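Residue-level listing of the chains:
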Amino acid sequence: MTSPDPEERFDVVVLGAGSAGENVATALADAGRSVALVEQHRVGGECAYVACIPSKAMLRSAQVRHESTERRRLGASSTEAELDEDDVAFAQAARRRDEISQQRNDRASADDVQQRGVTLVRGHGEITAPGLVTVHGRGLGCSDLVVATGSTPQVPPIDGLDGAPTWTSDEALSAPDRPSSLLVLGGGAVGCEQAQTFARFGVRVVLVEPADQLLGAEEPSVAAYLAEVLRADGVDVRLGVEPERADGGSVRLSDGSTVTVERILVATGRTPSTEGIGLEVLGLPVDQPLEVDKHCRVVRDGEPLPHVWGAGDVTGDAPYTHTASYRARVIVANLLGEDRVADLRAIPRVVYTEPPVASVGLDADHAREQGLDPVTATVDLAEVPRAKTEGARGGRLVLTLDRATRVLLGASAVGPMADHWLGEAVLAVRAQLPLSVLLDTVHAFPTFSTAYEQGLQDLAGQLR
């Protein structure tokens, strides 16, 4: 990649300092490459400051609050004193969240990347020629370019929504106080997590999802179980309903009802940040996700561009922090002379509600869409001894196996610590471990992982 006389030259310029960009930049600098990292917001991206970390901090505080008040509040509406206690508890949780999230200040991360030899350039970066990124008139030339500009919240085209008291998830996870009532638009991971969090702090929460189930394409029975969990927490879950018009804090729904709330949380997804960064200079579209090949090279007209790479939410697929970090490792390996490819078949998907939902690979419906012949087994976690010792209210594990190859295609679970014990299924799907090996695996007793033994034995029985 050549460029016209830049002010400075680097081996690599990384556009965007989120999880993918920061990891690429620091790893390459550690390996002795000259790297410029361009970021107009925070080093570290959304996750550490207004997404993953503060969200999980608030979920944990909400769980503690829920456990401490469940018996006293069971079957009774909140008194004024209890509402005051919720306000105090939320404020305390918000302070803890902000401390864990470094007060949304990226100074420590910025210092770290620079101490490791990365040239950090603050400001909006734009590709102005092949091999050239310009930031406020400062030209940064490079041999390789990594595009990792992330994504932005997607706002649905609802009449009147622009004048309503809305929150993005970023704003909700930065708020010092709780609203008295909240309408959550969207039943994906963010919507479900935030609905439970606010409900457990005494907020009246209505969650609206146009589809017939929560969590989009996840295993239907697991999604249905989570819907019941949220309802038990007091969330008014409305499925198959769409918002049609907003008038201040009042939103008319497609079923004819109207919901009036103090705040509206827009959790309807995110859009890859491809506009305004100069992709057209490279002949790339700016109105769709950045396409990358298995080596994480950017693709144009079906062919990979030499020396242009992409990772993170800007690619539009598997939009998780761990996917961004994984692809960053692949890009670094390739830039250092290896031949690495990214395999996204076994990317875990987790919703950090209590209990969490954790999935990997394909469920039966998606397996059939790919022409496979799936066999499924479902385990009721209430039958697992550890659930009894924990006093857990249950959950389920659904395993999906390919009949022809006897290899696990996917798993979906909802239950205590499911995000921790899903790892066995992640490895099984990634390594394509045969059923015989999985059946011969020994699990510590009593752990939730023994649920796999029941499910795998069921699958083996169906194949006889």
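See the structure printed just above.
Engineer: Mind showing me how you'd approach the sheet that holds strand β9 (residues 181-185) here?
Structural biologist: Sheet strands associate in pairs through backbone hydrogen bonding, adopting either a parallel or an antiparallel arrangement. Reading across from one edge, β8-β15-β9-β10-β11 is the order of the five strands in this open sheet, with parallel pairing throughout. Pairing within the sheet leaves two strands with one partner each, and these edge strands are β8 (166-167) and β11 (236-239). Against the sheet, helix α7 (residues 189-200) touches β8, β9, β10 (204-209) and β15 (263-266), its axis set at about 165° to β10.

Engineer: What's the story with the packing of helix α1 (residues 19-30) against helix α9 (residues 321-335) in this structure? I'm lost.
Structural biologist: A pair of packed helices is characterised by two quantities: the angle between their axes and the separation of those axes. Two elements in contact, α1 and α9, have axes whose closest approach is 8 Å; the angle formed by their N-to-C orientations is 30°. It follows that α1 is roughly parallel to α9 by the angle criterion. At the point where α1 passes α9, the crossing takes the right-handed sense. In this structure, α1 uses Ser 19, Ala 20, Asn 23, Val 24, Ala 27 and Leu 28 to contact α9, whose residues at the interface are Thr 321, Ala 324, Ser 325, Ala 328, Ile 331, Val 332 and Leu 335. Along the lines of polarity and charge, the residues of the contact of α1 with α9 split into nine nonpolar, four polar and no charged.

Engineer: How should the pattern of salt bridges be read in this particular structure?
Structural biologist: Per the stated rule, a full pass over the model turns up 24 salt bridges. The salt bridge partner of Glu 244 is Arg 252, with a shortest N-O separation of 3.6 Å. Across the salt bridge formed by Asp 343 and Arg 345, the nearest N and O atoms sit 2.6 Å from each other. A residue is classified by how much of its surface remains accessible, and Asp 343, at 17% relative accessible area, is buried.

Calculation rules
- Residues numbered from 1 in each chain as written.
- Predicted model: local features only at pLDDT ≥ 70, side-chain atom pairs only at ≥ 80, totals over all residues.
- Heavy atoms only, no water.
- Pairing = 2+ DSSP bridges.
- Helix = DSSP H or I, 4+ residues; strand = E, 2+ residues; numbered from the N terminus.
- Contact = heavy atoms within 4.5 Å.
- Axes fitted to C-alpha atoms, helices over the stretch in contact; angles between N-to-C directions.
- Parallel < 35°, antiparallel > 145°, perpendicular 65-115°, else oblique.
- Left-handed = near helix turned anticlockwise from the far one by under 90°.
- Nonpolar A, V, L, I, M, F, W, Y, C, P; charged D, E, K, R; others polar.
- Salt bridge = Lys/Arg side-chain N within 4 Å of Asp/Glu carboxyl O.
- Buried < 20%, exposed > 50% of the residue type's maximum accessible area, 1.4 Å probe, protein only.

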